[in-house]
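Observations on the three-dimensional arrangement
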Amino acid sequence: MSADGQSVTLTFFVELEGTALEQLFSDPSVADHLLALDAHISLGVVDFSSERANVVRQLNQLGIPVVAWQLLSREEGYWYNMCNAEQAATRYRAFTEWSASENLQWSGIGIDIEPDIGELQQMFTQKSQLLRTIFKRGCGKKQLHESQEAYRLLVEQMRSDGYFVQSYEFPFMVDEQQVGSTLLHQFFGVAAAPSDQRVLMLYTSFFRPFGPAFLWSYARDVDAAGVGITGGGIEIEGVKHPISLNWEELSRDLRLAHRHCGNIHIFSLEGCIEQGFLPQLREFDWALPVRAPHPWSEILYTLRTALKASLWLVSHPIVLVLALVCIAGLLIY
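Right, let's walk through the structure included here. The structure displayed is predicted, hence computed values, not measured ones.

For the structure on display, the rule yields 24 aromatic pairs. Consider the rings of tryptophan 247 and phenylalanine 284, whose centres lie 5.9 Å apart with planes at 85 degrees: the pair is edge-to-face. With tryptophan 247 in helix H11 (residues 247-258) and phenylalanine 284 in the loop between helix H13 (277-282) and helix H14 (296-315), this residue pair connects regions lying 37 residues apart in the sequence. Taking the relative accessible area as the measure of exposure, phenylalanine 284 reaches 11% and is therefore buried. Taking NZ or CZ as reference, arginine 91 lies 4.5 Å from the ring centre of phenylalanine 48, over its face. A cation over a ring is seen here: arginine 304 above tyrosine 218, with NZ or CZ 3.8 Å from the ring centre.

See the structure below:
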């Protein structure tokens, strides 16, 4: 509960290999801080190791809620995307078998909807191949529709297994949904999936110096926001990680997000531990004023409105053609 009386639920992303994960939680003060914060963990299931199972059981015994953040192998795309719905379903079945055999308890499932990690690599190493992939994908919607149906069925299975489902999504997915377009989904190779809670990844470290306006603009469209990055994350060859948020920047982002959202996810726990943020979060004053990022927030709102209008027109070509004909007629006469 924040000082202004509004409920705040903090969730920390953790994306570490088994051995590093076990080492992270070997320090008892980490669990003490999480308990004091009444925090949740979204744990990237990057392997089915005994070390990971040990950590989950430790958190279960302490009563710290753990969301199973579903991830695939790098070869399969790592995150959920338009091309790996079948592999995601196979991985989920393996996850449920592992959880049952290890007697692991999860408070929910997290599905991470992002482009194929191999395509991100191509962006820096094989641009011509990437362009061919994007062009081919953009010429038809069949694969997108098929993958979205497959993910719908997968989420239904997760829910029937008793899980609350979170989705971690790019902000543009909200804009497209509002106008009924799928153009950007096809371009980036991502497929929308239903979920019980959408968490927009609003990482201001990627958008300096305009990050606060970006966060402020999108946080009001959802009830859960992801802030960061404080450090950590998967390494992609050729991709330079942004400079991690310092305490002043993280404090600003938390307060900006809290003005709109009651659920805030921080990427990442390991980054917060490395920078010594957990003790400071325990004393955090949510009620302190934060300055809205004007005028950039209004400029971004205008750009988002223009983007949505463009996406709507492209998705309704007949309207676009009629509009162009009318404009041409006015110019001629």
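Here the structure, examined in full by the defined rule, presents 10 salt bridges. The salt bridge partner of arginine 52 is aspartate 47, with a shortest N-O separation of 2.7 Å. The exposure class of arginine 52 is buried, given its relative accessible area of 0%. By relative accessible area, aspartate 47 is classed as buried at 16%. In this structure, the salt-bridge partner of arginine 152 is glutamate 156, at a minimum N-O distance of 2.5 Å.

In terms of nonpolar packing, the biggest core is built from 79 residues, with Phe12, Ile41, Trp106 and Leu254 touching the most fellow members. The greatest single-element share of this core, amounting to six residues, is contributed by helix H4 (residues 85-102). The residues touching tryptophan 106, leaving out its near neighbours within four places in the chain, are Leu43, Val45, Val56, Val66, Val67, Ala68, Phe95, Trp98, Ser99 and Tyr163. Core analysis: the second largest hydrophobic core is formed by 18 residues, Ile117, Leu120, Tyr203 and Ala224 among them.

Each value, and the rule that gives it
Residues numbered from 1 in each chain as written. Predicted model: local features only at pLDDT ≥ 70, side-chain atom pairs only at ≥ 80, totals over all residues. Heavy atoms only, no water. Phe/Tyr/Trp six-rings, centres within 6.5 Å; stacked < 30°, edge-to-face > 60°. Helix = DSSP H or I, 4+ residues; strand = E, 2+ residues; numbered from the N terminus. Buried < 20%, exposed > 50% of the residue type's maximum accessible area, 1.4 Å probe, protein only. Lys NZ or Arg CZ within 6 Å of the ring centre and 35° of its normal. Salt bridge = Lys/Arg side-chain N within 4 Å of Asp/Glu carboxyl O. Core = buried A, V, L, I, M, F, W, Y, C linked by side-chain atoms within 4.5 Å. Contact = heavy atoms within 4.5 Å.

Honestly, it's all geometry; don't read function into it.
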